[in-house]
Amino acid sequence: MKVRPYDAHVLLCGGGDCKKRGSKEVRKVLKAELRAAGLNRDVRVDSVDCLGFCKHGPNAVVYGPNGHGGTWYLGLDEGKVPEVVSAHLKEGRPAGHLAAEYRPRKGAS
Ligand code: FES
């Protein structure tokens, strides 16, 4: 079995709490924006079960493009998706003001 490479991968939460908060609509807009930007073959979108930040949903983690590690977007809505697509997935720079901040790991110096 072979899989083809993708430039980026979006893991969109399809868990119960995110669904209640509109993750299906976010997915629809995301797919439409990717098609409009000509990225639908380069960016893979998968729905995953709970990502563990339920009360902040709808949530997603984006990997890539250009080797970017996981960028978390919490509280996505249809209005924020176009910027995630244009800035992060098209231009390759995470939409910083929409992305969740990282706190240092416990015990890290
Ligand atoms: S249901 Fe989406 S993070 Fe838990």
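These figures come from a predicted structure and were not determined experimentally. (Residues numbered from 1 in each chain as written. Predicted model: local features only at pLDDT ≥ 70, side-chain atom pairs only at ≥ 80, totals over all residues. Heavy atoms only, no water.)

Enquirer: Would you mind going over the environment of Val-48 in detail, with residue names and values included?
Expert: Within the secondary structure layout, Val-48 lies in strand β2 (residues 43–48). Remark: the alpha-carbon pair of Val-48 and Met-1, spanning 47 residues in sequence, is separated by 22 Å. Here Val-48 is in contact with Leu-11, Leu-12, Cys-13, Gly-14 and Gly-15, once residues within four sequence places are set aside. (Helix = DSSP H or I, 4+ residues; strand = E, 2+ residues; numbered from the N terminus. Contact = heavy atoms within 4.5 Å.)

Enquirer: Account for the packing of helix α2 (residues 23–36) against helix α3 (residues 81–90), with residues named and values stated.
Expert: Where α2 meets α3, the closest approach of the two axes is 9 Å, and the angle between their N-to-C directions is 45 degrees. With respect to their mutual orientation, α2 and α3 come out oblique. When you trace α2 past α3, the crossing you get is right-handed. Along the contact surface, α2 presents Val-26, Val-29, Leu-30, Glu-33 and Leu-34, while α3 presents Val-81, Pro-82, Val-85 and Leu-89. Class assignment for the residues of the contact of α2 with α3 results in eight nonpolar, no polar and one charged. (Axes fitted to C-alpha atoms, helices over the stretch in contact; angles between N-to-C directions. Parallel < 35°, antiparallel > 145°, perpendicular 65-115°, else oblique. Left-handed = near helix turned anticlockwise from the far one by under 90°. Nonpolar A, V, L, I, M, F, W, Y, C, P; charged D, E, K, R; others polar.)

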